[in-house]
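Each chain, letter by letter, is given below.
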Amino acid sequence: MWDYTEKVMDHFYNPRNVGEIEDADGVGEVGSLACGDALTLYFKLDENKKIKDAKFKTFGCASAIASSSALTEMIRGKTIEEAEKVTNQDIAAFLGGLPEQKMHCSVMGREALDAAIENYRTGKTVQAKKIEGKVICTCFGVTEKEIERAVRENKLTTVEQVTHYTKAGGGCGGCHPAIEEIIARVRAETAVGATNEARPAKLTTIQRIKLVEETLEREIKPQLKRDGGDIELIDVEGSKVVVALRGMCSNCAAAGATLREVVEAKLKEFVSDDIFVEEEKR
Amino acid sequence: MNVYLDNNATTRVAPEVLEAMLPYFKDEYGNPSSMHSVGGRVKKEIEAARAKVAELIGADPQEIVFTSCGTESDNTAIRGALEASSGKKHIITSRVEHPAVLSTVRYLEKRGYSLTELPVDRQGMIDMSEYEAAFREDTGLVSIMWANNETGVIFPIHEMAEIARGKGVVFHTDAVQAAGKLKIDMKDTPADLLSISGHKLHAPKGIGVLYVRRGTPMTPFMLGGHQESGRRAGTENVPYIVGLGRAAELAIAGMAEENTRIKSLRDKLEKALLEKCPDAMLNGHPEHRLPNTTNISFEFVEGEAILLMLNREGIAASSGSACTSGSLEPSHVMRAMGVPFTAAHGSIRFSLSRYNEEPEMDYVAEKLPPIIKRLRELSPFVKK
């Protein structure tokens, strides 16, 4: 059984704002019966251009219904510009969190909101699903753009996570390599972005390198040495930390896992959340 | 009211079974292989349990091998029979098998075996001419379930096993859902291997059986000591074997009830739900079906939502919906049957046991229709 929060269960058992708005200013429709969940979102603005009423109809599991209900509560009283800033993480947070495999329900909420706002602005007839750009996952009809956005906004690092958030890759699995490429590309972009960002208020580059070194010495090396391995710091570029595995680690089959689960996890914990680790290319 | 209608997932341990097991956690701790009476007494009880299980399926006690679960029995049967089949590399199975079989044969397919997965029709049945045509020169094994866990659909195992025997191919059947519910007689069913799971017939989880017809070439899966006549190494799980023996005894005694009282409760529930809920339909063949199982699709609503609403009313059932498993696609059985997506996501299975009573059926028939109505009010696919 899923470990749903009380708030999810409350919004599932007692969903707020169920229904349709006949003369809605914006209508957004996403998902399909085939996908196993679908949502139609309606909103109506008042004279000050604030959302005075939002309603929904959802086909889906408990978290899909709860996410829709939460979304309508969240956008009421907001202007379009404010509503536009609502992310899928905000929806999940409003509900006290969702199981990772159910995050796609919050993404569906955000997509419906986007579609409704688009409909309000352009007056375009609402389509069941707007296909923009290349479709990566043909089983669930997920586009490159949608995957990129989910990876960026939720800092996703694995194909499995992408599936939990967008459903992409959850069918035949044929698109897994393409999803991996997208993850790598988006992560590289965010890494560049991070160096340009004004972070010095927190850490200067020198401080950051020092902290990485200290964490390697204190937290990581002892653990690797127990298994006869070692690690050397090669470079730090922004949030990218380049290392070389030595000793037993250098030809260990589990080196990739060590890098992610030990090295990267510790650096994230002690240095900064946006750190990612790469092995020196030989 | 608490109503448990998920007996194809697992069953309540019968109080008689627990009672029978308790001494083997306390005073009767002997190892059945030992050369003293502490072990000897236990050995006798294991053999008594073996005889009871044999009786349940019309087998010889020597043909009964105790395992740890149904999955182990399936794995042992498939891999053991193929290994002993001297290079035959083709397997025949169906698309609706339990994952214990399907994952095993697909694993083997990746390692050089070739696999035929027979399709099923809209009612979940296999086309017999298609089955016969699937045999090849190098077919080493057929594995077809006796009854389907999701729909309860029963395959004509007698006929299918006979065809396999005619072609000299070993026939395995996963009878996890059938054992205890249907009369099984291995004396006139020409299958060679058959799997049973204890916890589906009111024994606890952690005990299974593999029936191995005498003379069937089999390589053991677990290697070690000489237990189970060398067919399954590992010290016997004594309390659970004793428990399963008692459960088999109860199942033999309750077989008639299963096919009369329980069946009529199931029929009553099914009829009431199909009548009271519009856009509801039965999944699976209406006749060739286990007496305790019904699988109904409620169109335009999603299974997990139905289950959680039922749960709030104290009713336990299960669903073929994608959301309940954490996978993204509805059950492979529903898809193989070609149940439309609109219905597959909203499929609910009710599976009964001897512990269910008539007022429970009335209770479910009263509670479910308003839940479906309510969820349909939320659904964008149901227009006003």
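Cut-off values and rules
- Residues numbered from 1 in each chain as written.
- Chains lettered and ligands numbered in written order.
- Predicted model: local features only at pLDDT ≥ 70, side-chain atom pairs only at ≥ 80, totals over all residues.
- Heavy atoms only, no water.
- Helix = DSSP H or I, 4+ residues; strand = E, 2+ residues; numbered from the N terminus.
- Contact = heavy atoms within 4.5 Å.
- Areas by Shrake-Rupley, 256 points an atom, 1.4 Å probe, with all protein chains shown as cover.
- Phe/Tyr/Trp six-rings, centres within 6.5 Å; stacked < 30°, edge-to-face > 60°.
- Lys NZ or Arg CZ within 6 Å of the ring centre and 35° of its normal.
- Domains from an automatic or database assignment.
- Buried area = accessible area lost by both parts, 1.4 Å probe.
- Polar contact = N/O pair within 3.5 Å; in protein donor to acceptor, adjacent residues only side chain to side chain.
- Nonpolar A, V, L, I, M, F, W, Y, C, P; charged D, E, K, R; others polar.
- Salt bridge = Lys/Arg side-chain N within 4 Å of Asp/Glu carboxyl O.
- Pairing = 2+ DSSP bridges.
- Axes fitted to C-alpha atoms, helices over the stretch in contact; angles between N-to-C directions.
- Buried < 20%, exposed > 50% of the residue type's maximum accessible area, 1.4 Å probe, protein only.
- Core = buried A, V, L, I, M, F, W, Y, C linked by side-chain atoms within 4.5 Å.
- Patch = residues over 30% accessible without salt bridge, like charges linked within 9 Å, V, L, I, M, F, W, Y side chains within 5 Å.
- Parallel < 35°, antiparallel > 145°, perpendicular 65-115°, else oblique.
- Left-handed = near helix turned anticlockwise from the far one by under 90°.
- Right-handed = clockwise from strand over helix to strand, strands pointing away.
- pLDDT = per-residue confidence, 0-100.

### Examining the overall build of chain A
Here is step 1 of the chain: For chain A, the helix and strand inventory stands at 10 helices and eight strands.
Here is step 2 of the chain: For the C-alpha atoms alone, the extent of chain A along its principal axes is close to 70 × 45 × 40 Å.
Here is step 3 of the chain: Intrachain contacts of chain A at a sequence separation of at least 6 include 58% that bridge at least 24 residues.
Here is step 4 of the chain: Total accessible area computed for chain A in this model is approximately 13,500 Å², and 49% of it derives from carbon and sulfur atoms.

### Considerations on the packing of aromatic side chains
Here is step 1 of the chain: Overall, the coordinates contain five aromatic pairs over all chains when judged by the stated rule.
Here is step 2 of the chain: When the centroid spacing of 6.3 Å and the interplanar angle of 80° are considered together, the rings of Phe25(B) and Tyr240(B) count as edge-to-face. With Phe25(B) in the loop between α1 (15-21) and α2 (37-56) and Tyr240(B) in helix α7 (residues 238-276), this residue pair connects regions lying 215 residues apart in the sequence.
Here is step 3 of the chain: Lying over the aromatic face of Tyr113(B), Lys89(B) brings its terminal NZ or CZ to 4.3 Å of the ring centre.
Here is step 4 of the chain: Above the face of the Tyr13(A) ring, Arg312(B) is positioned so that its terminal group lies 3.7 Å from the ring centre.

### Digging into the domain arrangement of chain B
Residues and elements named next belong to chain B.
Here is step 1 of the chain: The domains assigned to chain B are domain 1 (15-253) and domain 2 (259-378).
Here is step 2 of the chain: The C-alpha centroid of domain 2 is placed 29 Å from the C-alpha centroid of domain 1.
Here is step 3 of the chain: Summed over both partners, the interface of domain 1 with domain 2 buries about 2,200 Å², with 57% contributed by carbon and sulfur atoms.
Here is step 4 of the chain: Considering only the surface of domain 1 that becomes buried against domain 2, Arg122, Glu150 and Thr151 emerge as the three largest contributors, covering 32% of it.
Here is step 5 of the chain: Scanning the region where domain 1 abuts domain 2 turns up eight residue pairs in polar contact (both at pLDDT 80 or more).
Here is step 6 of the chain: Going through the elements one at a time, α1, α4 (99-110) and α7 are the ones with two or more residues in the side of domain 1 that touches domain 2.
Here is step 7 of the chain: Partitioned by chemical class, the residues of the side of domain 1 that touches domain 2 number 13 nonpolar, eight polar and seven charged.

### Here's the deal with the interface of chain B and chain A
Here is step 1 of the chain: Residue-level contacts link 27 residues of chain B with 33 residues of chain A.
Here is step 2 of the chain: Contact between chain B and chain A buries roughly 2,500 Å² in total, counting both sides, with carbon and sulfur atoms accounting for 68%.
Here is step 3 of the chain: Here chain B is connected to chain A by one salt bridge.
Here is step 4 of the chain: The shortest N-O distance in the salt bridge between Lys102(A) and Glu304(B) comes to 2.6 Å.
Here is step 5 of the chain: Counting the contacts that link chain B with chain A gives nine residue pairs in polar contact (both at pLDDT 80 or more).
Here is step 6 of the chain: Examining the composition of the side of chain B that touches chain A, we find that six residues originate from one element, helix α8 (residues 303-312) of chain B, more than from any other.

### Things to note about the sheet that holds strand β8 (residues 208-212) of chain B
Residue and element names in this part refer to chain B.
Here is step 1 of the chain: As summarised here, the arrangement of the seven strands in space is β2-β8-β7-β6-β5-β3-β4, forming an open sheet in which the pairing is mixed. Each edge of the open sheet is held by one strand with a lone partner, namely β2 (64-67) and β4 (114-118). Put simply, the sheet's adjacent strands are angled 20° from each other on average, direction ignored.
Here is step 2 of the chain: One ladder, built from three bridges, connects strand β6 (residues 170-174) with strand β7 (residues 193-197); its direction is parallel. If you follow His172 over to β7, its bridge partner there is Leu193.
Here is step 3 of the chain: Its contacts with the sheet put α4 on β3 (90-94), β4, β5 (139-143) and β6, and the angle it makes with β3 is roughly 150°.

### Some words on the pattern of salt bridges
Here is step 1 of the chain: Evaluated as defined, the whole model comprises 49 salt bridges over all chains.
Here is step 2 of the chain: As a salt-bridge pair, Lys43(B) and Glu47(B) come within 3.5 Å of each other at their nearest N and O atoms. With Lys43(B) and Glu47(B) both in helix α2 and four residues apart, this pair spans about one turn of that helix.
Here is step 3 of the chain: Assessed through its relative accessible area of 31%, Glu47(B) is described here as partly exposed.
Here is step 4 of the chain: Connected through shared salt-bridge partners, Arg110(A), Asp114(A), Arg149(A) and Glu153(A) make up one network.

### Points about the nonpolar core
Here is step 1 of the chain: Ranked by internal contacts, the top residues of the largest apolar core, which has 86 residues, are Phe12(A), Phe298(B), Phe350(B) and Leu375(B).
Here is step 2 of the chain: Not counting the four nearest positions on each side in its chain, Leu375(B) is found in contact with Phe12(A), Ile65(A), Val301(B), Ala305(B), Ile306(B) and Met309(B).
Here is step 3 of the chain: Judged by nonpolar contacts, the second largest core, of 70 residues, contains Tyr24(B), Ile57(B), Ile126(B) and Leu290(B).

### Structural notes on the environment of His199(B)
Residues and elements named next belong to chain B.
Here is step 1 of the chain: For His199, the location among the structural elements is in the loop between β7 and β8.
Here is step 2 of the chain: In the structure, His199 is positioned 59 residues away from Gly140 in sequence and 30 Å away in space, judged by C-alpha atoms.
Here is step 3 of the chain: Leaving out residues up to four positions away in the same chain, His199 has contacts with Ala9, Thr10, Thr11, Pro204 and Lys205.

### Topic: a nonpolar patch on the surface
Residues and elements named next belong to chain B.
Here is step 1 of the chain: On the surface, Leu18, Leu22 and Phe25 cluster together into a nonpolar patch covering about 270 Å² of accessible area.
Here is step 2 of the chain: Within the secondary structure, Leu22 is located in the loop between α1 and α2.
Here is step 3 of the chain: For Leu22, a relative accessible area of 32% puts it in the partly exposed group.

### Notes on the packing of α8(B) against helix α12 (residues 358-378) of chain B
Residue and element names in this part refer to chain B.
Here is step 1 of the chain: At a minimum axis separation of 10 Å, α8 and α12 run at an interaxial angle of 135°. Put simply, α8 runs oblique to α12. Both α8 and α12 take part in a crossing whose hand is right-handed. Where α8 abuts α12, its residues Ala305, Ile306, Met309, Leu310 and Arg312 lie against Leu368, Ile371, Ile372, Arg374 and Leu375.
Here is step 2 of the chain: Taken together, the residues of the contact of α8 with α12 break down into eight nonpolar, no polar and two charged.

### Here's the deal with the pairing of β5(B)
Residue and element names in this part refer to chain B.
Here is step 1 of the chain: By the criterion of burial, β5 is predominantly enclosed, with five of the five residues buried.
Here is step 2 of the chain: Inspection of the sheet shows β5 paired to β6 by three bridges, in the parallel sense. Bridge pairing in β6 places Ser143 opposite His172.
Here is step 3 of the chain: In this view, the connection linking β5 to its parallel neighbour β6 by way of helix α6 (residues 157-166) has right-handed handedness.

### Points about the confidence of the model for chain B
Here is step 1 of the chain: With 98% of its residues at a pLDDT of 70 or more, chain B has an overall mean of 95.
Here is step 2 of the chain: Scored as a complex, the prediction yields pTM 0.80 and ipTM 0.86.

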